[in-house]
Amino acid sequence: MKYPEYKQPLNYGQLGEDILAWWKEHGIFEKSVSSREGQPTFVFYEGPPSANGAPGIHHVMARTVKDIFGRYQTLLGKQVPRKGGWDTHGLPIELQVEKELGITKEDIGKKISVEDYNQRCKETVMRFKAQWDDLTEKMGYWVDLNDPYVTFEPEYIESCWALLKKLYDKGLLYKGYTIQPYSPAAGTGLSSHELNQPGTYKDVKDTTIVAEFKVVWDEKAKQLFAGGDESDEIFIMAWTTTPWTLPANTALAVGSKIKYVAVNTYNPYTLKRQIVVLAKDRFTSFFDLMGMEETVGVGSHAWARGIDPAEVAVGNTPRHFLLGNELNEDQKNEVLAKNKLTVWEVVEEFTGADLVGLHYERLFGQEAGFPAFEGEERAFRVIPGDFVTTEDGTGIVHISPTFGADDFRVAQQNNIPALMVMDDQGKLSPIVDRTGRYVTQMGEFGSRWVKNYDGHDDTAADYRTLDVDISVRLKERSRAFKVEKYEHTYPHCWRTDKPVLYYPLDSWFIKTTAVKDRLIELNKTINWKPESTGTGRFGNWLENLVDWNLSRSRYWGTPLPIWRTQDRTEEICIGSIAELKAEIDKAVAAEVMTHNPYANGEKVDLHRPYVDDIFLVSPTGQPMYREPDLIDVWFDSGAMPYAQWHYPLENEGQFQKNFPADFIAEGVDQTRGWFFTLHALAVMLEDSVAFKNVIANGLVLDKNGNKMSKRLGNAVDPFATIKQFGPDATRWYMIANAPPWDNLKFDPAGVTEVQRRFFGTLFNTYSFYALYANLDEFQTSEFDRVPHAELSELDRWVLSKLQSLIVEARGHLDNYDPTKAARAIQDFVTDQLSNWYVRLSRRRFWKGELTQDKRAAFETLQECLVVVAQLMSPIAPFFGEWLYKNMTDGMRAEAVAKNTPLAPESVHLTLLVEADLARIDPKLEERMELAQRISSLVHGLRKKHLLKVRQPLSKILIPVFNRQEERQLSLVSEIICNEVNIEEVRAVIDQGENIIYGIKPNYKELGKRLGKNMKAVASMIEALPSEIIRQFKESGSWLFILDSEQAFSIPSTEVEFFPKSIVGFDIAADEKVQKAMKAFGVPEWRVTKDGPLTVALDITITKELRQKGIARELVSRIQNLRKERGLNINNLIHITLANSAPAELHEAVASLGSYVREETQTLSIDFAADVNGGSVLEFDDYSVPVRLEVATA
RNA sequence: GGGCUUGUAGCUCAGGUGGUUAGAGCGCUACACUGAUAAUGUAGAGGUCCGUGGUUCGAGUCCACGCAGGCCCA
């Protein structure tokens, strides 16, 4: 059986399709799982994509990463089940449906029933499934598409319910509130989508206030204001555009790194002396520098004309000597002469972190008739807030946890209570009710509207907003620093045009904070690629964890399985369909429901609206209604380890076997999505990680680094790409070009390059092998091979490199670094295998009979190709398969009969070779590298001095340091000779005085020991004359005296010696001198060096060499002629050259004719007067007519 | 605004623990080679290693502060 041969260029797209068809026909994917039955499992979780849009090129990237490790682990012998999945719920689908129907959320239940709406969602969500499946196949992503989990199926939802109930039973599911945009006028919450409608943000003029919060003079305050005492009234200033939230204030937030100052000054309204605290950067917004230009700091001060500091100096501590407590009328006018305060003195400076922990007095306390509240003792503290800036205000933010999302979050993190009061029904509520007015308990402001929600004529002269009244009260009490109208943009309800409030609305939560420490602890056991995503992005997220808000007020999703009585005293969490049915039966019995809709085994749909029509009955006989929320879709996907098996309702064994995952991979944008929900649920439900290894891959951008979008037209079509370049080049490019976790700039030119450089080279190498193996009708066998010890130096070298490659590639893949693996494979194939091994071995493949040496060459190359096929197959599954099959199909029958490693019909069913460490020979690899470097240097010399490679030269001379190096060199000298066409490599060993050395300090060693004296000593070393260098080298150390003071003995290990010249010729010698010497028969040398390696080339061309050169020229010309004529490699020919050829050609044929004939498959070379009808051979200096005749066989 | 991340040749990327000449591939230019030939070899041009400070005898590498791009969060 012959090795298949192919025409150039290979059609890679077609190759992909052919292999795909073959896989399908032979069920290779199924076999790759079933053939590993009983072996250890490698668990992989598929992060479910949503099929409501067409797949893009970035999906090819993400799925290549996933696919690589499934295939790789299969090669290692593990069983890798890959259950596919679809994410089907969520807002994007709802929005798409609404867009297509031309409706809004408002219309649901009116223009369209919830039932029809959800039906439409269900149809929409799988619309692109066929395209997805198609891409999955074509790109070679192996995942089970026949039995995927689908999140909208009743069994899946039921599992989610069961898990929710588990959490509920553990007390981890509770109802609380979050701060959301709320329209009191419409009485409804607004989604961020609604808030982003055009025209909702409007410019409005509001009363704003810089309020003053009085610091409590406790230990912390004493520490911070060391120079002050209790009589100094110290205030923290905070600005707000919503003064109505001030009575709900419970904390003040500062930026930890922001600098703050305390300023001794006067209250602008009451003119009482006071110390105020604000951000240093905001100082000049409130205080006039009075002509000072320097930056303010402690001790900076200014006072207005007419105020003599001595006159007012009655302060009782040294810090306050400038300002007195009272001002006379003139002074008051001075202080207020400008919009900013003109009398001030900076007394302290600190960072926000210093301020944290200060206590202050409640602005509207019980003494003023405002209500007490729960947790009050924990309130009124300064806390850090990451959102604090110094762009406006005072650099200190007033926190009211009930009326701001940041406020709420930062309060929760710092254990700050919200100010809640009991409403009429005995329920805790914020100080503003749902209609937008203060609750009655709010003292003098009770029942006031916080904004104009009741339709007052706000242009009337007597109209006073609550904001204004609160500000007036604060001014009177010396608690206001600045009150002014301020224009800013503020969101408004798109339906009522009234201002939106940020308001606490009911929500269900999972108490993730209860397991925060465990989440953090277990996260540390996860192998994140890249590590920084785990420690940084994910780790920080866990450190700042808040409870998981599950509630979504939507239609298409998993409903919350909780039913409650109207008075909220009784509730039930349903954990299964069976339980639901049982509860319905009870409800029917109690006549809460008329009948059980599931009684007769009808198909259960747990979506809305069906579940909303189910009413249950409480133990006390009250009817119970379902909490109307849906749950966060991220719960769906985070629940897939359980719900994909319908666990915990069944399949416990399946679940246990597949939990946790060994490996998952998704985009880095999933960090707080899927990665988190998987982790959170696993920790809460199983006290375990959900995945042990994870790759968080980056984005795929266009070639200019811009995000791809259909709108911009720069999106790359994955189908077209795969068709054009084939799946393998596409995958290989994506993996080899940049690590998956970096963003990839997708440039089709890069795919072309990969195709040419890597796949093209590999294909050429295969074609080369196939061509000559077929000519010799050679077929490798797994047995009966040339013993390793009898292989040539080059064979053993490439096999050593191959073993090193196996070690390296496996190591990288074990470490989840496919990029390094791909690059290592690529470098081996292009640089080592093709450009060195094959190039230098070509003759062995085509020359003569099938000798042992030729067999050795075939077997070596065969082994390399088969191993490369295996190693590359996880990344380039189609080409790897193609190469494997081409290389081994002819051996299959025997392999199957003897059950050898090559028995599997597909590379993806094989077991990956282990490196044979005994075949790794570091010395051999080292000397081959030496040969490569020397060859490169000689090529360089030839090029520089216009000496064609075809012209043989007699020798090169290489100085070596010792016998060991000499031996290394001698072992590869033949290879060097062949490669650069010279006849001898001569090593010159240091024997006495024949080599002159240069010297270079080893800065690393020297610097370590000498420190700052290093430079001086180094320059002394460099200045050493060559006689001293020789003595230094021989004695092993040398003494250097610095400034006649310090002596340093430098051992030879701290310097490097290198051969500078060899006695007999000199690197530095002028070429003219050399030419003169040539006249006296001295060989002419050309010398070059690279680091410690020096090469001298004898460029003398003797008559004999000249003849050999001509013979080679002749061979080359005849070969060209053969090719021109389209002759086959095994055609024999006769050559007739014109008599007119120069004498040297006659002589060359006479002396080297047999060599020429052998090289060119020529039976005879003759000279004749007449070669009519022939061609012309063009030599450098002349041309010769020639006639070529094909010998008849 | 915060967290994370990236910034090295025209382009895509390498550059353990700091060490004095910063590399590769592609592209470009020139030359060479020619039974793997739409391949290959050699050489050349091409760099403020994002910037500014600092640590150090010595910084692409370590530290601080910035700038620019990206992602997530607000």
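Structural notes, computed from the coordinates. (Residues numbered from 1 in each chain as written. Chains lettered and ligands numbered in written order. Predicted model: local features only at pLDDT ≥ 70, side-chain atom pairs only at ≥ 80, totals over all residues. Heavy atoms only, no water.)

Regarding the overall build of chain A
Here comes step 1: Counting its regular elements, chain A contains 37 helices and 41 strands.
Here comes step 2: Its C-alpha radius of gyration of 43 Å places chain A more than 25% over the 32 Å reference for a compact globule of 1193 residues.
Here comes step 3: With respect to the three principal axes, the spread of C-alpha positions in chain A is 125 × 100 × 55 Å.
Here comes step 4: Across chain A, every contact between residues at least 6 apart in sequence was considered, and the portion connecting residues at least 24 apart equals 76%.
Here comes step 5: For chain A, the exposed surface amounts to about 52,400 Å²; the carbon and sulfur share of it is 49%. (Helix = DSSP H or I, 4+ residues; strand = E, 2+ residues; numbered from the N terminus. Rg over C-alpha atoms; globule rule 2.2 N^0.38 Å. Contact = heavy atoms within 4.5 Å. Areas by Shrake-Rupley, 256 points an atom, 1.4 Å probe, with all protein chains shown as cover.)

Some words on the protein's contact with RNA strand B
Here comes step 1: In the neighbourhood of RNA strand B, 55 residues make up the surrounding shell, with Asn737, Arg950, Met1014, Gln1119 and Arg1122 lying closest.
Here comes step 2: The sugar and phosphate moieties of RNA strand B supply 65% of its atoms located within 4 Å of the protein.
Here comes step 3: Within the side chain of Arg823, one N or O atom sits 3.1 Å away from a sugar or linking oxygen of RNA strand B.
Here comes step 4: Listed by contribution, the elements that provide at least two residues to the surface near RNA strand B are α17 (531-543), α24 (748-775), α26 (818-846), α30 (922-944), α32 (1003-1010), α33 (1014-1022) and α36 (1103-1125).
Here comes step 5: Ranked by residues supplied to the surface near RNA strand B, first place goes to α26 with seven residues.
Here comes step 6: Grouping the constituent residues of the surface near RNA strand B by class yields twelve nonpolar, 19 polar and 24 charged. (Near = heavy atom within 4 Å. Polar contact = N/O pair within 3.5 Å; in protein donor to acceptor, adjacent residues only side chain to side chain. Nonpolar A, V, L, I, M, F, W, Y, C, P; charged D, E, K, R; others polar.)

Overview of the pairing of strand β26 (residues 661-667)
The side chains of a regular strand alternate, first on one face of the sheet and then on the other.
Here comes step 1: Extensive coverage of β26 is indicated by the burial of seven of its seven residues.
Here comes step 2: Judged from the six bridges that link them, β26 and strand β27 (residues 691-697) form a sheet pairing that is parallel. In the sheet register, Glu666 faces β27, and the bridge partner there is Ala696.
Here comes step 3: Handedness of the crossover is the feature at issue here: the chain leaves β26, passes through helix α22 (residues 671-686), returns alongside β27, and the resulting connection is right-handed. (Buried < 20%, exposed > 50% of the residue type's maximum accessible area, 1.4 Å probe, protein only. Pairing = 2+ DSSP bridges. Right-handed = clockwise from strand over helix to strand, strands pointing away.)

Details of the side chain of Asp629
Here comes step 1: Tracing the backbone through its elements, the reader meets Asp629 in the loop between β24 (623-626) and β25 (630-631).
Here comes step 2: Buried charge without a salt bridge: Asp629, with Lys175 as the nearest opposite-charge side chain at an N-O distance of 6.4 Å.
Here comes step 3: Among the polar contacts listed, one links the side chain of Asp629 to the side chain of Ser551, at a separation of 2.8 Å.
Here comes step 4: Contact partners of Asp629, with chain neighbours within four places excluded, come to Trp508, Ser551, Arg552, Ser553, Pro559 and Leu560. (Lys, Arg positive; Asp, Glu negative; His and termini not counted. Salt bridge = Lys/Arg side-chain N within 4 Å of Asp/Glu carboxyl O.)

With respect to the nonpolar core
Here comes step 1: Residues Trp732 and Phe879 are the most contacted members of the largest nonpolar core, which totals 134 residues.
Here comes step 2: Residues Ile236, Phe380, Ile470 and Leu474 belong to the second largest nonpolar core, which totals 62 residues. (Core = buried A, V, L, I, M, F, W, Y, C linked by side-chain atoms within 4.5 Å.)

Section: the pattern of salt bridges
Where charged atoms from two side chains of opposite charge approach closely, those side chains can pair.
Here comes step 1: If you walk through the whole model with that rule in mind, you get 65 salt bridges.
Here comes step 2: In this structure, Asp506 and Lys175 form a salt bridge, with 4.0 Å as the shortest nitrogen-oxygen distance. You can see Asp506 sitting in strand β17 (residues 501-510) and its partner Lys175 sitting in strand β3 (residues 173-183), a full 331 residues away along the chain.
Here comes step 3: A salt bridge links Glu1104 to Lys1108, with the nearest nitrogen and oxygen atoms 3.9 Å apart. Residue Glu1104 and its partner Lys1108 are located together in helix α36, separated by four residues, close to a single helical turn.
Here comes step 4: The class for Glu1104 is exposed, based on a relative accessible area of 52%.
Here comes step 5: Since its relative accessible area comes to 25%, Lys1108 is described here as partly exposed.
Here comes step 6: Shared partners join several salt bridges into a network, and the residues in it are Glu46, Arg63, Lys66 and Glu666.

Topic: a nonpolar patch on the surface
Here comes step 1: There is a patch of nonpolar side chains on the surface, built from Leu771, Leu775 and Ile1129 and spanning about 220 Å² of accessible area.
Here comes step 2: Locating Leu775 in the fold gives a position in helix α24.
Here comes step 3: Note on Leu775: relative accessible area 41%, which makes it partly exposed. (Patch = residues over 30% accessible without salt bridge, like charges linked within 9 Å, V, L, I, M, F, W, Y side chains within 5 Å.)

Considering the sheet that holds β26
Here comes step 1: Pairing is parallel in the open sheet, where three strands are placed in the order β18-β27-β26. Because the sheet does not close on itself, it has two edges, and the strands there are β18 (527-529) and β26. The mean angle between the axes of side-by-side strands here comes to 15 degrees, regardless of whether they run parallel or antiparallel.
Here comes step 2: The strands touched by α17 are β18 and β27; relative to β18, the strand with the most contacts, the crossing angle is about 100 degrees. (Axes fitted to C-alpha atoms, helices over the stretch in contact; angles between N-to-C directions.)

Looking at the sheet that holds strand β4 (residues 188-189)
Here comes step 1: Strand order in the open sheet formed by four strands is β4-β3-β17-β19, and the pairing between neighbours is antiparallel. In the strand order of this sheet, the two ends are held by β4 and β19 (548-549), each with one partner.
Here comes step 2: Two strands pair when backbone bridges link them, and β17 and β19 are joined in this way by two bridges, in the antiparallel orientation. Looking across to β19, one finds that Ile510 is bridged to Trp548.

Concerning the environment of Gly404
Here comes step 1: Positionally, Gly404 belongs in the loop between β13 (396-399) and α14 (405-413).
Here comes step 2: In this structure Gly404 comes out as buried when scored by relative accessible area, which is 8%.
Here comes step 3: A C-alpha to C-alpha distance of 7.2 Å links Gly404 and Tyr503, two positions 99 residues apart in sequence.

Some details on the side chain of Glu859
Here comes step 1: Counting through the fold element by element, Glu859 comes out in helix α27 (residues 852-872).
Here comes step 2: Classification of Glu859 as buried rests on a relative accessible area of 4%.
Here comes step 3: A distance of 2.9 Å separates the side chain of Glu859 from the backbone nitrogen of Val786, its partner in a polar contact.
Here comes step 4: The residues touching Glu859, leaving out its near neighbours within four places in the chain, are Phe778, Thr780, Asp784, Arg785 and Val786.

Points about the packing of α30 against helix α31 (residues 963-980)
Axis angle and axis distance: for two packed helices, these are the angle between their axes and the distance between the axes, and together they describe the pair.
Here comes step 1: At their nearest, the axes of α30 and α31 sit 8 Å apart, and the two run at 50 degrees to each other. As the angle between them shows, α30 and α31 are arranged oblique. As α30 runs across α31, the sense of the crossing is right-handed. Where α30 approaches α31, its residues Lys923, Glu926, Arg927, Met928, Leu930, Ala931, Ile934, Ser935, Val938, His939 and Arg942 are matched on the opposing element by Gln964, Gln968, Leu969, Leu971, Val972, Ile975, Ile976, Glu979 and Val980.
Here comes step 2: Across the contact of α30 with α31, the residue classes break down as eleven nonpolar, four polar and five charged. (Parallel < 35°, antiparallel > 145°, perpendicular 65-115°, else oblique. Left-handed = near helix turned anticlockwise from the far one by under 90°.)

Topic: the packing of aromatic side chains
Here comes step 1: Tallying each qualifying case throughout the model produces 64 aromatic pairs.
Here comes step 2: Aromatic pair Phe1032 and Trp1038: ring centres 6.3 Å apart, planes at 35 degrees, arrangement tilted.
Here comes step 3: Using a relative accessible area of 0% as the deciding quantity, one classes Phe1032 as buried.
Here comes step 4: Taken together, the ring pairs in this structure connect Tyr6, Tyr12, Trp732, Phe758, Phe759, Phe763, Tyr766, Phe879 and Trp882 into an aromatic cluster.
Here comes step 5: Across the ring face of Tyr174, the terminal group of Lys511 is positioned such that the distance to the ring centre comes to 5.6 Å. (Phe/Tyr/Trp six-rings, centres within 6.5 Å; stacked < 30°, edge-to-face > 60°. Lys NZ or Arg CZ within 6 Å of the ring centre and 35° of its normal.)

With respect to the environment of Ser709
Here comes step 1: Relative to the assigned elements, Ser709 resides in the loop between β28 (700-702) and α23 (718-737).
Here comes step 2: With 653 residues separating them along the chain, Ser709 and Gly56 place their C-alpha atoms 9.8 Å apart.
Here comes step 3: Contacts of Ser709, omitting those with residues within four sequence positions, involve Asn714 and Ala715.

Notes on α27
Three- or four-residue spacings in an α-helix give side chains the same orientation, since the helix completes a turn every 3.6 residues.
Here comes step 1: Its 21 residues place the ends of α27 30 Å apart at the C-alpha level, agreeing with the 30 Å of an ideal helix rising 1.5 Å per residue.
Here comes step 2: With respect to burial, α27 is a largely interior element, 18 of its 21 residues being buried. (Expected span 1.5 Å × (residues − 1).)

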